[in-house]
Amino acid sequence: MFMKQNWQKSFAKAMAGLCAGIASLLMVAPGAMAQDGVRIDTGGNSQTSRSLILPLNKAAIIELPRDAADVLISKPEMVEAVVRSKRRVYILGMEVGQTNAFFFDDKGRQILNLEIRVERDLDALAELYTRLLPDARLTVEAVNNNVILQGVVNSNSEAKIAQDIAGRFVGDESLVMNMVTVREQGQVMLKVRIVEMQRQLIKQLGIDTNGTVALNNDVFDFAANSTFAVAGNSLGGLNTTANFGSSGNLRQLKLNFDAFEQMGLVRILAEPNITAVSGESASFLAGGQFPVPSASGLGTTSVEFKKYGVALGFTPVVLSKGRINLKIKTEVSDLSVATGVTIGGTVVTDPNTGEVTQVAGFSVPGLTVRSAETTVELPSGGSLAMAGLLQENIQTAIDGVPALKDVPVLGQLFRSNDFERNETELVIIVTPYLVGPTRMSKLASPDDGFKPASDAESVLLGKLESNNGVRSNNTERQLKGPMGFIID
């Protein structure tokens, strides 16, 4: 009986020892594995693991619980370890990235596994934003060597400033990811007023003389015709003829007086308006296009169309509620036959008959252009004369017979005066407005209230628009009473 009990106790002890051995082989730390009885530990999930976020180009002090005999760093170029004593180690962040460090004692046992992530120190960048952009709410995060901007700013200009500051802080703008949103995406309507006044004054005074004088048996005929070099020809006006002498004795003097004065006034007004989102470009053209031929390969002719009319292009940037930066280009152009050219006119001779035929070419008109391009900064509703021109051209010419035109008093009979003065006044005024959408009932169009005239009004009264066509407020129709659906 006693032998049986001892045998049972021995067998139980042996089985317990076997189970303990198997358990010791199977029980490893999470994330580790056992092969052939060898314990493998990555350190990331062991009981001695710690994490450290190390700013770039800064150091941290590691205090160990017991003496260290060996230090292992996976990427020495990223993190540098300086051992000052057996229990104190300095860790320096050299490059952005992730690595880890292992510390062992003199018996090879692991003291500490340090998971290190080297990142840029963004505290200084956050302090810059607080100081330079106090109204903005910005947060910065680092992902490896990149910087992520998040938050809300008041305008696009503040968003651009925030991105520029982060780009200079990192040293490369491509490493900055801008996720900043703008509180109010401003829309700018630009109103441009172009006014031009042209005044012209032409004065012409000419005297034509011709006559016949007989000396003995000799007869002398003379004539002096006035020309107007400035205007090119006589424009009309008062024309008076005076005859002196008698044709019987061949003594005759005939005087033609030409006097003319012309005044002209031209007024040009253009008011293009256009709206664009802050930071985006917009263009406007009210005019047309005319063809301009140009030579191409193999003797062929291609046609290119040129634009003319009232053109406006601008790019607004809302800096703040009281500041709008505008890059503006405006132009008013008119077709001008005087400055045009004729291309392709030739003379063809028939070899059989010798007849000469003039083949007319095609004419390309020129352009009279008033344009301006600049960058200005204005508040909403503020106006500025962007460009202006005050020009005065005076031309005068005196034609006459040499020597005779210089004779006092009588010299007026042998000369003509031509005078022309052109005055031009041009001003371009720009006014930006911060605008937003509104209801249709508050907007008006040129055809509001228009009603064509009836047959009776058109025939009897000669009207094109009916008197009943009163402009309305264009009120929107709205639903009244209960609306919607009820689902049971």
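Since the structure is predicted, the reported quantities are computational estimates derived from the model, not experimental observations.

About the cut-offs
Residues numbered from 1 in each chain as written. Predicted model: local features only at pLDDT ≥ 70, side-chain atom pairs only at ≥ 80, totals over all residues. Heavy atoms only, no water. Helix = DSSP H or I, 4+ residues; strand = E, 2+ residues; numbered from the N terminus. Buried < 20%, exposed > 50% of the residue type's maximum accessible area, 1.4 Å probe, protein only. Contact = heavy atoms within 4.5 Å. Areas by Shrake-Rupley, 256 points an atom, 1.4 Å probe, with all protein chains shown as cover. Polar contact = N/O pair within 3.5 Å; in protein donor to acceptor, adjacent residues only side chain to side chain. pLDDT = per-residue confidence, 0-100. Patch = residues over 30% accessible without salt bridge, like charges linked within 9 Å, V, L, I, M, F, W, Y side chains within 5 Å. Salt bridge = Lys/Arg side-chain N within 4 Å of Asp/Glu carboxyl O. Pairing = 2+ DSSP bridges. Core = buried A, V, L, I, M, F, W, Y, C linked by side-chain atoms within 4.5 Å. Axes fitted to C-alpha atoms, helices over the stretch in contact; angles between N-to-C directions. Expected span 1.5 Å × (residues − 1).

A short note on the overall build of the protein
- When you go through the protein residue by residue, the secondary structure sums to 4 helices and 25 strands.
- For the protein, with 488 residues in total, the buried portion stands at 27%.
- Of all intrachain contacts in the protein linking residues separated by at least 6 positions in sequence, the fraction that spans at least 24 positions is 62%.
- Only carbon and sulfur atoms are counted for the fraction: they give 55% of the accessible area of the protein, which is about 32,300 Å².

A few points about the side chain of glutamate 119
- By the secondary structure assignment, glutamate 119 is in strand β9 (residues 110-119).
- The exposure class assigned to glutamate 119 is buried, which follows from its relative accessible area of 15%.
- Polar contacts involving the side chain of glutamate 119 include one to the side chain of arginine 117, which spans 2.5 Å.
- Excluding its chain neighbours within four sequence positions, the residues that come into contact with glutamate 119 are Ile53, Leu54, Pro55, Leu56 and Ala142.

As for the confidence of the model for the protein
- On average, residues of the protein score 75 in pLDDT, and 71% of them are at 70 or above.
- Strand β1 (residues 33-35) is the least confidently modelled element of the protein, averaging 35 in pLDDT, while strand β17 (residues 273-277) averages 89, the highest of any element.
- Note on residues 1-5: pLDDT under 50 across the span, and 0 contacts to partners over four residues away in sequence or across chains.
- Here residues 18-41 is a poorly scored stretch, pLDDT under 50, and it has 18 contacts once near neighbours within four places are set aside; other chains count.

Examining a nonpolar patch on the surface
- Taken together, Leu335, Leu367 and Val369 make up a surface patch of nonpolar side chains, about 220 Å² in accessible area.
- If you trace the backbone, leucine 335 turns up in strand β20 (residues 323-343).
- A relative accessible area of 41% means that leucine 335 is categorised as partly exposed.

Topic: the pairing of strand β4 (residues 59-63)
- Of the two faces of β4, only one is covered, namely that formed by Ala60 and Ile62; the face formed by Ala59, Ile61 and Glu63 stays uncovered.
- In this sheet, strand β7 (residues 88-93) lies alongside β4 in antiparallel orientation, the contact comprising 5 bridges. When the bridges of β7 are listed, glutamate 63 appears paired with arginine 88.

Focus on the environment of glycine 279
- Position of glycine 279 relative to the elements: it lies in the loop between β17 and β18 (282-295).
- When the C-alpha atoms of glycine 279 and asparagine 156 are compared, they prove to be 7.6 Å apart, with 123 residues separating the residues in sequence.
- Residues contacting glycine 279, with those up to four places away along its chain left out, are Thr315, Pro316 and Val317.

Description of the nonpolar core
- Grouped together as the largest cluster of nonpolar side chains are 23 residues, with contacts concentrated most on Leu190, Val192, Ile194, Phe314, Leu326, Ile328 and Val430.
- Those elements that provide at least two residues to this core are β13 (187-215), β17, β19 (301-320), β20, β23 (362-378) and β25 (415-435).
- Ignoring sequence-local partners within four residues, the contact set of isoleucine 194 consists of Ile268, Leu269, Ala270, Thr330, Val332, Leu426, Val427 and Ile428.
- In this structure, Leu64, Val79, Phe103 and Ile111 belong to the second largest nonpolar core, which totals 20 residues.

Considerations on the sheet that holds strand β12 (residues 176-182)
- Pairing in this open sheet of 3 strands is mixed, and the strands run β10-β11-β12 from one edge to the other. Lying at the two open borders of the sheet, with one neighbouring strand each, are β10 (137-143) and β12. Taken over all neighbouring pairs, the strand axes of this sheet differ in orientation by 10° on average, direction set aside.
- When β10 meets strand β11 (residues 146-153), the two strands line up antiparallel, connected through 7 bridges. When the bridges of β11 are listed, leucine 138 appears paired with glycine 151.
- Sheet strands touched by helix α2 (residues 123-132): β10 and β11. Its angle to β10, the strand with the most contacts, is close to 165°.
- Its contacts with the sheet put helix α3 (residues 156-170) on β10, β11 and β12, and the angle it makes with β12 is roughly 160°.

Some thoughts on α3
- When the terminal C-alpha atoms of α3 are compared, their 21 Å separation across 15 residues agrees well with the 21 Å that a helix rising 1.5 Å per residue should span.
- Listed as buried for α3 are Ser157, Glu158, Ala159, Ala162, Ile165, Ala166, Gly167 and Val170.
- Tucked into the core, α3 has its buried residues touching α2, β10, β11, β12 and β19.
- Of the residues flanking the end of α3, it is glycine 171, one or two places downstream, whose phi is positive at about 100°.

With respect to the pattern of salt bridges
- The final tally for this structure, using the stated rule, is 13 salt bridges.
- Close ionic contact of aspartate 334 with arginine 370 constitutes a salt bridge, the shortest N to O distance being 3.2 Å. Within this pair, whereas aspartate 334 is found in strand β20, its partner arginine 370 is found in strand β23, the two being separated by 36 residues in sequence.
- Among the charged side chains, a network of salt bridges with common partners joins Arg66, Asp105 and Arg109.

Observations regarding the environment of valine 89
- Along the chain, the position of valine 89 falls in strand β7.
- Separated by 27 residues in sequence, valine 89 and isoleucine 62 place their C-alpha atoms 5.1 Å apart.
- Beyond its immediate stretch of four places on either side in the chain, valine 89 contacts Ala60, Ile61, Ile62, Leu64, Ala81, Val82, Val83 and Phe103.

With respect to the sheet that holds strand β8 (residues 97-104)
- Here we have 4 strands laid out as an open sheet, ordered β3-β9-β8-β5, and mixed in their pairing. Strand pairing shows two members of the sheet lacking a second neighbour, β3 (49-55) and β5 (70-73), which therefore form its edges. Looking at each pair of strands side by side, their axes are set apart by 20° on average, direction ignored.
- With 8 bridges joining them, β8 and β9 adopt antiparallel strand pairing.

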